[in-house]
Amino acid sequence: QVQLVESGGGLVQAGGSLRLSCAASGRTFSRYGMGWFRQAPGKEREFVAAISWTGNRKYYADSVKGRFTISRDNAKNTVYLQMNSLKPEDTAIYYCAQDPRPHYSGSLSTKEEYDYWGQGTQVTVSS
């Protein structure tokens, strides 16, 4: 029912920037929190950032805080991840996810909280 499609990944030099987009369809986008996760080969999927349904609360992993910014545009049913000062350690497949709980006010910082996932977009940062 819910479909999430990521875009904006690519190869970038260390210190550079990328903006990822996630377009959602299938249910009322504005009522749900959204998150970004990433997974490197052979590693567990890890939390990157999340934004509440209102857009007023944002959460970041310690590893990206101060460098990444999550935002949403409800008119476009899209959530964004602006990634600045990229490091080789940021190399991974990046996934967007939607929280199943409408109007949820919790942390949104664990992958177990989400039940809808995109197919991912590759981000590679060269040193």
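In this report, the structure presented in the accompanying data block is examined. (Residues numbered from 1 in each chain as written. Predicted model: local features only at pLDDT ≥ 70, side-chain atom pairs only at ≥ 80, totals over all residues. Heavy atoms only, no water.)

Turning to the overall build of the protein chain, a few remarks are in order. Within the protein chain, the regular secondary structure consists of zero helices and eleven strands. The helix and strand sequence of the protein chain, counted from the amino end, reads β-β-β-β-β-β-β-β-β-β-β. In terms of overall dimensions, the protein chain is globule-like: its C-alpha atoms have a radius of gyration of 13 Å, near the 14 Å expected for 127 residues. Based on the C-alpha atoms only, the size of the protein chain along its principal axes is roughly 40 × 30 × 25 Å. Among the 127 residues that make up the protein chain, the fraction classed as buried is 41%. Excluding contacts between residues fewer than 6 apart, the proportion of contacts in the protein chain whose partners are at least 24 apart in sequence is 60%. Just so you have it, the protein chain exposes about 6,400 Å², and 46% of that area is on carbon and sulfur atoms. Charge-centre separation for the protein chain: the mean point of 15 positive side chains lies 6 Å from the mean point of 11 negative side chains. (Helix = DSSP H or I, 4+ residues; strand = E, 2+ residues; numbered from the N terminus. Rg over C-alpha atoms; globule rule 2.2 N^0.38 Å. Buried < 20%, exposed > 50% of the residue type's maximum accessible area, 1.4 Å probe, protein only. Contact = heavy atoms within 4.5 Å. Areas by Shrake-Rupley, 256 points an atom, 1.4 Å probe, with all protein chains shown as cover. Lys, Arg positive; Asp, Glu negative; His and termini not counted. Charge placed at Lys NZ, Arg CZ, Asp CG, Glu CD.)

Quick look at the environment of Tyr116 now. Within the secondary structure layout, Tyr116 lies in strand 10 (residues 116-117). C-alpha of Tyr116 to C-alpha of Pro100: the two residues are 16 residues apart in sequence and 7.6 Å apart in space. If we skip the residues at most four places from it in the chain, Tyr116 touches Val2, Leu4, Arg27, Cys96, Ala97 and Gln98.

Here Lys111 is to be found in the loop between strand 9 (92-98) and strand 10. With relative accessibility at 31%, the residue Lys111 sits in the partly exposed group. When the C-alpha atoms of Lys111 and Thr54 are compared, they prove to be 20 Å apart, with 57 residues separating the residues in sequence. When near neighbours in sequence (up to four residues on either side) are disregarded, Lys111 contacts Phe37, Arg45 and Trp117. A polar atom in the side chain of Lys111 sits 3.4 Å from the side chain of Glu112. (Polar contact = N/O pair within 3.5 Å; in protein donor to acceptor, adjacent residues only side chain to side chain.)

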